Amino acid sequence: MGKNLYQKVWDDHVVGQLESGQYQLFIALHLIHEVTSPQAFGMLKDKGLGVAYPKRTFATVDHIIPTTDQSRPLGDDMAEKMIQVLSDATQEAGIEFFAPRSGSQGIVHVVGPELGLTQPGMTICCGDSHTSTHGAFGCIALGIGTSQVRDVLASQTLAMDPLKVRRIRVEGTLSTGVTAKDVTLHIIRMLGVNGGVGYAYEYAGSAIENMSMEERMTVCNMSIEGGARCGYINPDQTTFDFLKGKERTPQGAEFDSAVERWKSYASDADASYDDEVVIQAAEIKPTVTWGITPAQSISIEELTPDPEAVEGLDKDLINDALSYMKFSANEPIKGTKIDVAFIGSCTNGRLSDFEAVAKLIEGKHVAANVKAIAVPGSEKVDVAARALGLHKTFEAAGFEWRLPGCSMCLAMNPDKLVGDEICASSSNRNFVGRQGSPTGRTLLMSPMMVAAAAIEGQVADAREVFGLE
Amino acid sequence: MTGMKIEKISGKGVYVAGNDIDTDRIIPARFLKCVTFDELGPALFYDERFDTDDNSKHHVLDKSEHRGAQVLISDANFGCGSSREHAPQAIQKFGFKAVIAESFAEIFHGNCTTLGIPCVMMEKADRELIAEIIASDADTDMIVDIEGLKVICGNHVFNVKMKDSAREAFLAASYDPLDTLLVARSAVEETAKRLGYA
Ligand code: SF4
């Protein structure tokens, strides 16, 4: 019996078994940011410990950084302090810091892949749940807590229990107007927000294999929203082509030998899995969340659910969500008025996201009552988009083109919803209060669907708005 | 700091009802602006407890009879969402020593364990009974028995589940793994060399 990628990478990186029964896992790449990591340096200091492998950790800032004016000191004292603490701590430890205006700053899950730091077969950690994004390259990529950030800094290892592996095969061809975001929302809807607990998800099947790396990152990004500890896709030619020539990947002959090694991590044809789910790509439609968890979604053609049609827990969940969202049962989601449109985040803030939308919005304009913002995921995305003139297209259509950061994905910077505003958002979480107002409402959808909603001023079917066949 | 053994926790309980209570609700993002975790206690469940003008919404946590409770009881998939350790830190700093729920999100569970907060899984009917008992007498003593996998509430004894590795770690005082991770320094070095990461 062969092995799947998870097993191979795990076996390679296990240092030994701990007394507790857990395993000690070597971490190949450790990424840190200003929200969850400065505290870990404090914890190390308290114990008189240093950083064991400073060259295997990289830092950036993303959550708290404003997207309009990034001049220092930042207007928000606490935000400024957080950057400063991270900057000082990394400097002292000899950790490379991709500071604002370094040319490499950005959302940590955009930065790692675009620099080529993220490579197949690695174990990757970051004090951030969407670390699962990096699994797109064939990695075990885990979000961790601050105490574990401390553990990795001090020892370059983590104490872990092995996971089970569920293969999710998406077979066939996606319909026009259906994107990687719709695939991941659909999977979460099917399997639930805690369907993945205890599992690593291996995404496979022809629809996944046909995706670009950026699309694959969108899928893996939201593994965590389905409860999975991580998600990955086997590395293949698409992966290697993406990595070739990146700043931090091996070059020349070394690249070729790296590719040979990377290939060996892919799941064997006769690998076994603890579970398997098959999804037909053709069944997936443009999907929009109506509730307060990423699983509470429907296709653009459907109605909000009816709590009376279900029993027990589900009924409560639907009632709670509808009442928070101020929606009624059996209502079309299409036509829901929106106030804000947000394109960005580690889910959908990469160059291809902006390219795809720019093509569609050319010559169209955002509706009068909608505030629309486009926020590149990193300085590199910003530079590349500007080089293509995408920012002009967005601005001409009535979007604000912002500086890179997490922006309106979460409420730690000045970009926030006000009152019970409704936001059509390309981000990954529609939790209560997530976008900065305790009564704010988030509808998750693909960037293309956000653009359609922005133009119509209400949730719309991108296929109709943009005449996609 | 390998901590003390954690075998039993006793104290009052408080029931915060709700499924899928995510870490954004446990600690809203604006409170993540900090460089230490020390001040997080008062921010626990802030937006559930206070309105936008900081007026109390008379949340169950703020009822005088529940002051000083040490056991937090909730429902399914507690702690889902972000990996922010700020959530268990806030729970701990607020004064809770154990959490009982139907189930827990994985990263949250791991964070709690490292901090020495046992996460205990209990059936819905049992939690409902405990909720009733507490509602009629908030001072009812509860004991969370990690060793015996039981929760005692008043005259009732409930069987509960815990993740084995976590339970063993509490009993062996090894829930904070850092010291053990540092022991294998040379094996770590070898692994790094073998994989070309040195
Ligand atoms: S974009 Fe959103 S989900 Fe991604 S790292 Fe930033 S805050 Fe987290």
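Along each chain, residue indices are assigned from 1 in the same order as the chain's sequence is written. A letter from A marks each chain and a number from 1 marks each ligand, given out in the order of writing. The model is predicted, so local features are restricted to residues of pLDDT at least 70 and side-chain atom pairs to those at 80 or more, both for listing and for counting; the totals for chains, interfaces and linings are taken over all residues. Remark: hydrogens and water are excluded; side-chain values derive from all non-hydrogen atoms of the structure.

Remarks on the packing of aromatic side chains
All names here are of chain A. Condition: Ring geometry is summarised as follows: Phe, Tyr and Trp rings, the Trp one being its six-membered ring, pair when their centres sit within 6.5 Å, and such pairs are stacked at plane angles under 30 degrees, edge-to-face over 60 and tilted between the two. Starting at the N terminus, helices and strands are each numbered in turn, a helix being any DSSP run of H or I of at least four residues and a strand any DSSP run of E of at least two. Buried means the residue's accessible area, taken with a 1.4 Å probe over protein chains only, is under 20% of the maximum for its type, while exposed means over 50%, and partly exposed covers the values in between.
In the structure shown here, the tally under the stated rule is 19 aromatic pairs over all chains. Consider the rings of F137 and F242, whose centres lie 5.4 Å apart with planes at 65°: the pair is edge-to-face. Residue F137 is found in the loop between β6 (123–126) and β7 (140–143), and its partner F242 is found in helix α9 (residues 237–243); the two are separated by 105 residues along the sequence. F242 matches F137 in its accessibility class, with the two residues each being buried.

Structural notes on the packing of helix α6 (residues 180–191) of chain A against helix α8 (residues 213–221) of chain A
Residue and element names in this part refer to chain A. Selection rule: Where helices are involved, their axes are fitted lines through C-alpha atoms of the stretch in contact, as for all axes, and angles between N-to-C directions lie from 0 to 180°. Oblique is the label for every angle not falling under 35 degrees (roughly parallel), over 145 degrees (roughly antiparallel), or within 65 to 115 degrees (roughly perpendicular). Should the near helix be turned anticlockwise from the far one by less than a right angle, the crossing is left-handed, and should it be turned clockwise, the crossing is right-handed. Contacts were defined at the residue level, with two residues in contact if any of their heavy atoms lie within 4.5 Å. Residue polarity follows a fixed list, in which Ala, Val, Leu, Ile, Met, Phe, Trp, Tyr, Cys and Pro are nonpolar, Asp, Glu, Lys and Arg are charged, and the others, Gly among them, are polar.
Orientation of α6 relative to α8, taken along the N-to-C sense of each, is 20°, at an axis distance of 8 Å. With respect to α8, the element α6 is oriented roughly parallel. Between α6 and α8 lies a crossing whose hand is right-handed. Where α6 abuts α8, its residues A180, K181 and T184 lie against E215, T218 and V219. Residue composition of the contact of α6 with α8, grouped by class: 2 nonpolar, 2 polar and 2 charged.

Points about the nonpolar core
Inclusion rule: Note on terminology: a nonpolar core comprises buried Ala, Val, Leu, Ile, Met, Phe, Trp, Tyr and Cys residues joined through side-chain atoms within 4.5 Å. Those domain boundaries reflect an automatic or database domain assignment.
Ranked by size, the top nonpolar core spans 135 residues in total, and within it F394, F399 and F466 of chain A together with F78 of chain B carry the most contacts. In this structure, this core is formed jointly by two domains, domain 1 (5–263) and domain 2 (287–464) of chain A, each of which donates at least three residues. Not counting the four nearest positions on each side in its chain, F399 of chain A is found in contact with I343, I361, V366, A372, I373, A374, F394 and A454 of chain A. One finds F98, L117 and V259 of chain A together with A192 of chain B within the second-largest nonpolar core, a separate group that totals 52 residues.

Points about the side chain of T393 of chain A
All names here are of chain A. Relative to the helices and strands, T393 resides in helix α15 (residues 390–396). Judged by relative accessible area, which is 14%, T393 ranks as buried. Once residues lying within four places of it in the same chain are set aside, the contact partners of T393 are A358, I361 and E362.

A closer look at the interface of chain A and chain B
Applicable threshold: When two parts are put together, the accessible area they lose, computed with a 1.4 Å probe and summed over both, is reported as buried area. Take a side-chain nitrogen of Lys or Arg and a carboxyl oxygen of Asp or Glu: if they are within 4 Å of each other, that pair is a salt bridge. Side-chain atoms alone can form a polar contact between residues adjacent in sequence; in general such a contact is a pair of N or O atoms within 3.5 Å, and within protein one must be able to donate a hydrogen while the other accepts it.
The interface of chain A with chain B comprises 65 residues on the first partner and 50 residues on the second. Interface area for chain A against chain B, summed over the two sides, is near 4600 Å², with a carbon-plus-sulfur share of 60%. On inspection of chain A and its partner chain B, the count reaches 6 salt bridges. Of the charged contacts, one joins D179 of chain B and K47 of chain A as a salt bridge, the two residues approaching to 3.2 Å between their closest N and O atoms. Where chain A meets chain B, there are 18 residue pairs in polar contact (both at pLDDT 80 or more). Those elements that provide at least two residues to the side of chain A that touches chain B are α1 (5–13), β1 (14–17), β2 (23–26), α2 (38–47), α3 (77–93), α5 (146–155), β8 (157–160) and α11 (312–325) of chain A. Among the residues forming the side of chain A that touches chain B, the class breakdown is 32 nonpolar, 21 polar and 12 charged.

Observations concerning the site of the ligand
Convention followed: Near is defined per residue: the residue qualifies when any heavy atom it owns lies within 4 Å of the molecule or strand.
Residues in contact with the ligand, as listed here, are H63, I107, H109, D128, H130, S345, C346, C406, C409, L410, N428 and R434 of chain A. The residue inventory of the shell around the ligand, partitioned by class, reads 5 nonpolar, 5 polar and 2 charged.

Observations concerning the packing of α2 of chain A against α5 of chain A
Residue and element names in this part refer to chain A. The contact between α2 and α5 brings their axes to 8 Å, and the two run at 60°. With respect to their mutual orientation, α2 and α5 come out oblique. As for the relative orientation of α2 and α5, their crossing is right-handed in sense. On α5, the residues that touch Q39, A40, F41, M43 and L44 of α2 are T146, S147, V149, R150, L153 and A154. Its residues assigned to classes, the contact of α2 with α5 comprises 7 nonpolar, 3 polar and 1 charged.

Concerning the pattern of salt bridges
Residues and elements named next belong to chain A. If you walk through the whole model with that rule in mind, you get 41 salt bridges over all chains. The shortest N-O distance in the salt bridge between E302 and R189 comes to 2.8 Å. Taken together, the residues span a long stretch of sequence, with E302 in the loop between β14 (297–299) and α11 and R189 in helix α6 at a distance of 113 residues. Residue R189 is classed as partly exposed on the basis of its relative accessible area, which comes to 32%.

Notes on the pairing of strand β16 (residues 371–374) of chain A
As a reminder, the rule being used: Strands are treated as partners if at least two bridges between them are detected by DSSP.
When strand β15 (residues 340–343) of chain A meets β16 of chain A, the two strands line up parallel, connected through 4 bridges. Residue pairing in the sheet places I343 of chain A in a bridge with A374 of chain A of β16 of chain A.

A word on the domain arrangement of chain A
Residue and element names in this part refer to chain A. For chain A, the assigned domains are domain 1 (5–263) and domain 2 (287–464). Spacing between the C-alpha centres of domain 1 and domain 2 amounts to 24 Å. Domain 1 puts 46 residues into the contact, and the matching count from domain 2 is 44 residues. A combined buried area of about 3500 Å² lies between domain 1 and domain 2, and 56% of that area is made up of carbon and sulfur atoms. Among the residues of domain 1 in contact with domain 2, T67, I107 and R189 are the three that bury the most area, contributing 19% of the side total. Taken together, the connections running from domain 1 to domain 2 amount to 3 salt bridges. The residue R429 makes a salt bridge to E225 at a minimum N-O spacing of 2.9 Å. On the surface where domain 1 and domain 2 come into contact, there are 31 residue pairs in polar contact (both at pLDDT 80 or more).

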